[in-house]
Amino acid sequence: MRPLLASTGVLGLFAALYLVPVVAPGQLYALHILTLALCYAVPAIGLNLLFGYTGLVSLGHMGFAGVGAYATALLMKNGIVGFAPALLAGAVAAGAVGLLVGVPCLRLRSHFFIIVTLAVGVILYTLFNNLDALTGGAEGLPGIPRPQPLDLGFIVFDFRRPQGFYWLALTVFAATFVVQWMIVRSDFGRSLAAIRQDETIAAARGVDVFAHKLAVFTISAAIAGIGGGLKVTFLRAAAPLSFELLESINLVMIVILGGAGYLLGPLVGAVLFIAIPEVLRIANELRLVIFGVVLVLLALYAPRGVCGLLAALRRRLGSKGFAHARHS
Amino acid sequence: MPAILETAGLRKAFGGIVAVDNVALSIPEPGIYGLIGPNGAGKTTLFDVICGRQLPDRGTIRFEGQPIETLRVHQRARLGFSRTFQECRVLVEETCLDNVLFAAQDKRLGSELIQCTTRNAHARQAAMAEARRLLALVNLESYADAPAASLSYGQRRLLEIVSVLIARPKILLLDEPASGVNPTLLNTLRDFLRRIYDERRIVLLIVEHNMEFIMSLASHIVVMHQGQILAQGAPAEVRADARVIEAYLG
């Protein structure tokens, strides 16, 4: 009963999101903001798998998003391949860098690992900013084309228009959401949950902790790469500032705010953290000040983020059908 | 036929303290073995070295004739080593049933990643009946769907033991299973361990401080003192051994 209700709720939510451009056709600004939020929700899913489900904090995750972003940008800008293969290539590139970084770093424990991920993020940003021949340096890579329109006969999706790109971004998000769901609700996900709760037990029960961490780190970096590719295709330019340290911290904030270890946490966090401040026009000036306060409040009253708060509320109201039961 | 477990010249030191010193332990056949000794005798370190949580400075460990001292914890676990911890460890966020089912799961990364895409739940369903039966044996069936965090300390111990049993270990190492368990549960525990031995005929190696408990349970007692094996034999022999009395009283 419970999983059925939960999946119905999630399907309903996605249906509602797909219908937004139909219900509110004139709200182009709102669509723009929602698309931007989705561009953050995708890498946040990657970080959620790593941080929310496995308990590994990465403070440099936007660096991996950047690897995917530049790979996608280079392939599309030079007209080598279309959007979908370019995005996949970006995922592979980011995953490969994640794998290479993971091999030495994942041998470190807790806070040492966190510090190294911070350094990796800074190093990747420095590379984006300085490899002028490849990444265009501080100017970045402008003029990334939007994907070709998709003609289904009865309907044409034009990705140069806000509605079309919103649907594209939502579909990419939905695909990564399914990957997250498949991982979390599997034997692999249960091993990751065991590692988060107690590495010693996991190993004693036969889990190769290092191999599992490396696998999830690679997957997580690849998903971040997809998010990066989506973002630069949306903005039509890849710039190093999109993947700097502050953006990585923002990503961690999104995951914590939405609810680490909840399937819908990344989406909720991205909408709250990206969309609402954008709409209120406080994006750059006050976001960090306000969210500093919000973070303190979260730590005090809702350590499991908004989804955790909602789940607790539901439990208190006696309904057992809430959508995002933690790691089950 | 080689002994099930055999260590030779095993040594583990932490700085200047030699916790395990030249230990040659031989477990030739299935049975309930008790490992006793005063505090600081090196019992838990010996456990850690046998399970791979600590690597020995010197010495060999053979399991059914094969050297295993270089294998890592999860590799030994997959060979059939299971252990419980002195401080009692369970996955507190999971339900009791999930704790047991997790132990039964195939945890090789490759098969797990394949299972992600196939969503094959046969193995999990197949383990379900056995998991519930084991929980019922220790009177935890009514807690099957409750999180492990809601159990009392003694119940957690039982859950921990049940969880490792479902993986069908060949050697089960229990580190002070009776500590912190109230007298009523203690009887449940003793009956349960006996029953497990009768059913499975495996090696149970038990570190214990509760003398009455271990002497009435084990068929063979090994006494450790200052990192070395001081004496071994049937419970009655060991109890009468002058050196053992000396070590405990002196």
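Residues numbered from 1 in each chain as written. Chains lettered and ligands numbered in written order. Predicted model: local features only at pLDDT ≥ 70, side-chain atom pairs only at ≥ 80, totals over all residues.

Here we come to the overall build of chain A. If you tally the helices and strands in chain A, you get 14 helices and 4 strands. In terms of overall size, chain A behaves like a compact globule, its C-alpha atoms giving a radius of gyration of 19 Å where 328 residues would be expected to give roughly 20 Å. Taken along the three principal axes of its C-alpha coordinates, chain A extends 50 × 45 × 40 Å. Across chain A, the fraction of contacts at a sequence separation of at least 24, relative to all contacts at a separation of at least 6, is 75%. (Helix = DSSP H or I, 4+ residues; strand = E, 2+ residues; numbered from the N terminus. Rg over C-alpha atoms; globule rule 2.2 N^0.38 Å. Contact = placed C-beta atoms within 7 Å.)

All names here are of chain B. An order of 7-8-9-4-10-11 is seen for the 6 strands of this open sheet, with the pairing classed as mixed. Bordering the open sheet on either side are strand 7 (81-84) and strand 11 (228-233), each of which pairs with just one other strand. Across the sheet, the mean angle from the axis of one strand to that of its neighbour is 20 degrees, orientation sign disregarded. Two strands pair when backbone bridges link them, and strand 10 (residues 220-225) and strand 11 are joined in this way by 5 bridges, in the antiparallel orientation. For histidine 225, the partnering residue across the bridge sits in strand 11 and is glutamine 228. Running over the sheet, helix 6 (residues 153-165) touches strand 7 and strand 8 (171-175) and is turned about 175 degrees from strand 7. (Pairing = 2+ DSSP bridges. Axes fitted to C-alpha atoms, helices over the stretch in contact; angles between N-to-C directions.)

Listed per partner, the contact involves 21 residues of chain A and 21 residues of chain B. Among the elements that make up the side of chain A that touches chain B, the one with the highest residue count is helix 8 (residues 187-197) of chain A (6 residues). Of the residues that constitute the side of chain A that touches chain B, the class distribution is 10 nonpolar, 6 polar and 5 charged. (Nonpolar A, V, L, I, M, F, W, Y, C, P; charged D, E, K, R; others polar.)

What follows covers the confidence of the model for chain A. One rule of thumb: low pLDDT means the predicted coordinates there are not for detailed reading. Residue and element names in this part refer to chain A. Averaged over every residue, the pLDDT of chain A is 89; residues scoring 70 or more account for 95%. Least confident of the elements in chain A is helix 13 (residues 283-301), whose mean pLDDT is 78; most confident is helix 10 (residues 209-235), at 97. Within the model, the stretch residues 320-328 combines pLDDT values under 50 with 24 contacts to residues more than four positions away or in other chains. (pLDDT = per-residue confidence, 0-100.)

Before going further, it helps to examine the environment of A:Arg236. Residue and element names in this part refer to chain A. Residue placement: arginine 236 occurs in the loop between helix 10 and strand 4 (237-238). Judged by the 16 C-beta atoms lying within 10 Å of it, arginine 236 falls in the partly exposed class. Here the alpha-carbon distance between arginine 236 and valine 279, two residues 43 residues apart in the chain, equals 21 Å. (Buried ≥ 20, exposed ≤ 12 C-beta atoms within 10 Å, placed from the backbone.)

The next thing to look at is unusual backbone geometry. Residue and element names in this part refer to chain B. Look at glutamate 176: it is not a glycine, yet its phi comes out positive at around 50 degrees. By the element assignment, glutamate 176 lies in the loop between strand 8 and helix 7 (183-200). In this model, arginine 201 sits at a positive phi of 55 degrees, which is unusual for a non-glycine residue. Within the element layout of this structure, arginine 201 appears in the loop between helix 7 and strand 9 (203-207).

For the rest of this paragraph, the subject is helix 10 of chain A. Within an α-helix, residues lying three or four positions from one another point in the same direction, as the helix has 3.6 residues per turn. Residues and elements named next belong to chain A. Between its terminal C-alpha atoms helix 10 stretches 39 Å, which fits the 39 Å expected from 27 residues at 1.5 Å a residue. Helix 10 sits mainly inside the fold: 22 of its 27 residues count as buried. Phi turns positive, to about 65 degrees, at arginine 236, one or two residues after helix 10. (Expected span 1.5 Å × (residues − 1).)

A few words now on the nonpolar core. Counting residues in hydrophobic clusters, the biggest one holds 174 residues, and the most contacted among them are A:Ala169, A:Ala270 and B:Val100. No other element matches the 15 residues that helix 2 (residues 28-53) of chain A contributes to this core. If near-sequence neighbours (up to four positions away) are discounted, B:Val100 is found in contact with B:Ala131, B:Leu134, B:Leu135, B:Val162, B:Ser163 and B:Ile166. (Core = buried A, V, L, I, M, F, W, Y, C linked by C-beta atoms within 7 Å.)

What follows is about the packing of helix 2 of chain A against helix 12 (residues 265-279) of chain A. All names here are of chain A. Packing of helix 2 against helix 12 brings their axes to within 7 Å, and their N-to-C directions diverge by 145 degrees. You can see that helix 2 and helix 12 cross each other, and the crossing is right-handed. Touching Ile33, Leu34, Leu36, Ala37, Leu38, Tyr40, Ala41, Ala44, Ile45, Asn48 and Gly52 of helix 2 are Gly265, Pro266, Leu267, Gly269, Ala270, Val271, Ile274, Ala275, Glu278 and Val279, all from helix 12. Considered class by class, the residues forming the contact of helix 2 with helix 12 number 16 nonpolar, 4 polar and 1 charged. (Left-handed = near helix turned anticlockwise from the far one by under 90°.)

Let us look at the confidence of the model for chain B. When pLDDT is averaged along chain B, the result is 91; 99% of the residues meet or exceed 70. For this predicted complex, the interface score ipTM comes out at 0.90, alongside a pTM of 0.91.

Quick look at the pairing of strand 9 of chain B now. Residue and element names in this part refer to chain B. Of all 5 residues in strand 9, 5 are buried, a share of seventy percent or more. The side-chain alternation of strand 9 yields two buried faces, one formed by Val203, Leu205 and Val207 and the other by Leu204 and Ile206. Bridge count for strand 4 (residues 31-36) against strand 9 is 5 bridges, and the pairing is parallel. Looking at strand 9, one finds that tyrosine 33 is bridged to leucine 205. Pairing of strand 8 with strand 9, which is carried by 5 bridges, proceeds in the parallel orientation. When the bridges of strand 9 are listed, leucine 173 appears paired with leucine 205.

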